[in-house]
Each structure stands twice: as structure tokens, then as C-alpha cells.
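Below, each chain spelled out in residue letters.
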Amino acid sequence: EAGVTQFPSHSVIEKGQTVTLRCDPISGHDNLYWYRRVMGKEIKFLLHFVKESKQDESGMPNNRFLAERTGGTYSTLKVQPAELEDSGVYFCASSRQMNTEAFFGQGTRLTVV
Amino acid sequence: GIQVEQSPPDLILQEGANSTLRCNFSDSVNNLQWFHQNPWGQLINLFYIPSGTKQNGRLSATTVATERYSLLYISSSQTTDSGVYFCAVTRDDKIIFGKGTRLHILP
């Protein structure tokens, strides 16, 4: 069984540009989460999907961030326009049911210059 | 919100040594996981352990939910054990991470 897959693994963009990160969860996992670790700080929650619905997006920092999960399979996280402080590692995770074991992808390292 | 505190923040050991990493949390949780972030940044699942004790090779973990702490034991450390170890708890379907323990195993 394939794990959580994220693409790209690295992205370097200029301030003001747009970047879209993709996450493919483990097949059959209805719950999908986005997290990020900025400047070596704590890993912080961004949002949670249950199938295609946003269950909780309280961690999204501002309206420059847009997450989608059309069809309830893979998810995208778009940052538009990117700012310097958005640099960090963005993790995606999935779980079969709420409050059960979550599995993380390898992360996307985003660098905004 | 729930606070997750890990100790020690940094640990340097000689290869072959044993270590104990601690995770304290401030409120009741639905579950608890331990992860190892390897040098490539990947978060590797070590244990899913809301309570009790589990062992996997040289690693074992114990969670005492009533006292709100978990311990991760690493025996006979190897250089490949180096990296950051994260404790993460789940409450109301939100995973909350500690700041991690950075472990450096010297050859």
C-alpha cells in the first residue's frame, strides 16, 4: 500500500508568485490534513478535510492560502501570492477515521525568495 | 488549547547508549503518536500509543494517559537514530505536536 505522497518535494519561488502543492493520501483514508513547519518552529495545523468537505480550517494563516480536495481524493494547497514568511516545510497527513493513527507524507520544502 | 511539552530539547549520546524521551500533555487526548523526523525531513511513524506499552525492536514506548505523559525508550543507540523525535497528541481530531527532542548519536 502506497503511503501519503506529496509533490513537489522542493519548490523555490519568488515573492509574489503562486505555488500549488499536491497531496495524495493513502487510498481509503477519508481524513486529510495539512500542516506546516515554518523557520524550524513547531509543526502547526492548517486544515482538515473529511472527504471533500473542510472540517476545520482554523489554522489557515490568511486568505492567500487556498486548499481544495475535489472528489475527496487528492488535495491541493495553493499559496497566492507567496510571501517570504511562507517559507517552510508543508506536510500532508491522512487517516482512515477521525482521531486514529495519522500517516504523514515526506513534506514539500517551500522557499520563497 | 492543549500544550505538549517534550524533554529534553536536545540530547547528545555516544553510540550504544540508552535514552528516554518524555512527552507531557496538559489535558486528556484521544490518542498519541511518536514520530522520527529523519535527516531528509520525513516524519516516520514510530508508535501509535494512546495508552499502555508497545515495543518495536530497540524502541519502546509507554503512555500513562491518566497522568498525561508518554515515554519513548531507545536502547543501544545507533547513528541512524539521529534526528528529531516528535510527540503528537490528537484532541477533537486535531493533531498537536510538541517541539521535539533533537537526538544526536555520536559514532
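Fair warning: this is a prediction, and the values are worked out from it, not measured in the lab.

Draft legend 1. Layout of the interface of chain A and chain B. Opposite the 20 residues of chain A that make contact, chain B presents 19 residues. Between chain A and chain B, a total of about 1800 Å² is buried, with carbon and sulfur atoms accounting for 52% of that surface. Looking only at chain A, the three residues that lose the most surface to chain B are A:I43, A:N99 and A:F104, adding up to 33% of its buried area. Along the contact surface separating chain A from chain B lie 1 salt bridge. A salt bridge links B:K94 to A:D56, with the shortest nitrogen-to-oxygen separation between them at 3.3 Å. Applying the counting rule to chain A against chain B returns 11 residue pairs in polar contact (both at pLDDT 80 or more). Contributions of two or more residues to the side of chain A that touches chain B are made by β4 (31-37), β5 (43-50) and β10 (103-104) of chain A. With 4 residues, β4(A) is the largest single contributor of residues to the side of chain A that touches chain B.

Draft legend 2. A look at the packing of aromatic side chains. Residues and elements named next belong to chain A. As enumerated under the stated definition, the model contains 9 aromatic pairs over all chains in all. When the ring of Y35 is compared with that of F45, the centres are 5.6 Å apart and the planes differ by 75°; the resulting orientation is edge-to-face. Here F45 lies in strand β5 and Y35 lies in strand β4, a separation of 10 residues in the sequence. Given a relative accessible area of 0%, Y35 falls into the buried group. Among the residues examined, F45 registers a relative accessible area of 10% and is labelled buried.

Draft legend 3. Looking closely at the pairing of strand β6 (residues 53-56) of chain A. All names here are of chain A. As paired elements, β5 and β6 share 3 bridges and run antiparallel to each other. Looking at the pairing, H48 lines up with D56 of β6. Taken together, β5 and the strand that follows it, β6, pair antiparallel across an intervening segment of 2 residues, in which K51 is found at a positive phi of about 55°.

Draft legend 4. Layout of the sheet that holds strand β3 (residues 19-25) of chain B. All names here are of chain B. Pairing is antiparallel across the open sheet formed by 5 strands, whose spatial order is β1-β3-β8-β7-β6. Strands at the two margins of the open sheet, each flanked by one partner only, are β1 (4-7) and β6 (52-56). Each neighbouring strand pair of the sheet contributes to a mean axis angle of 15°, computed without reference to strand direction. In the sheet, β3 pairs with strand β8 (residues 69-74) via 6 bridges, with the strands oriented antiparallel. Bridged to R22 within β8 is L71.

Draft legend 5. The arrangement of the sheet that holds strand β3 (residues 19-24) of chain A in detail. All names here are of chain A. Read across the sheet, 4 strands follow the order β1-β3-β8-β7 without closing on themselves; strand pairing throughout is antiparallel. Two strands bound the open sheet, and with one partner strand each, they are β1 (5-7) and β7 (65-68). Taking each pair of neighbouring strands and ignoring which way they run, the sheet shows an average axis angle of 15°.

Draft legend 6. Structural detail: the environment of B:F47. All names here are of chain B. Summarising the element assignment, F47 is placed in strand β5 (residues 43-48). Residue classification places F47 among the buried residues on the basis of a relative accessible area of 4%. Linking F47 and S60, residues 13 residues apart in sequence, is a C-alpha distance of 8.3 Å. Ignoring sequence-local partners within four residues, the contact set of F47 consists of L32, Q33, W34, K54, Q55, N56, L59, S60, A61 and L72.

Draft legend 7. Layout of the nonpolar core. Residues A:W34, A:L46, A:L47, A:M60, A:L77 and A:Y90 are the most contacted members of the largest nonpolar core, which totals 21 residues. Contributing elements (two or more residues each) for this core: β3, β4, β5, β7, β8 (75-79), β9 (88-95) and β11 (108-112) of chain A. If near-sequence neighbours (up to four positions away) are discounted, A:M60 is found in contact with A:L46, A:L47, A:F65, A:L66, A:A67 and A:L77. Core analysis: the second largest hydrophobic core is formed by 20 residues, B:I2, B:V4, B:L21 and B:L103 among them.

Conventions adopted
Residues numbered from 1 in each chain as written. Chains lettered and ligands numbered in written order. Predicted model: local features only at pLDDT ≥ 70, side-chain atom pairs only at ≥ 80, totals over all residues. Heavy atoms only, no water. Contact = heavy atoms within 4.5 Å. Buried area = accessible area lost by both parts, 1.4 Å probe. Salt bridge = Lys/Arg side-chain N within 4 Å of Asp/Glu carboxyl O. Polar contact = N/O pair within 3.5 Å; in protein donor to acceptor, adjacent residues only side chain to side chain. Helix = DSSP H or I, 4+ residues; strand = E, 2+ residues; numbered from the N terminus. Phe/Tyr/Trp six-rings, centres within 6.5 Å; stacked < 30°, edge-to-face > 60°. Buried < 20%, exposed > 50% of the residue type's maximum accessible area, 1.4 Å probe, protein only. Pairing = 2+ DSSP bridges. Axes fitted to C-alpha atoms, helices over the stretch in contact; angles between N-to-C directions. Core = buried A, V, L, I, M, F, W, Y, C linked by side-chain atoms within 4.5 Å.

Don't take any of this as a statement about function, it's just geometry.
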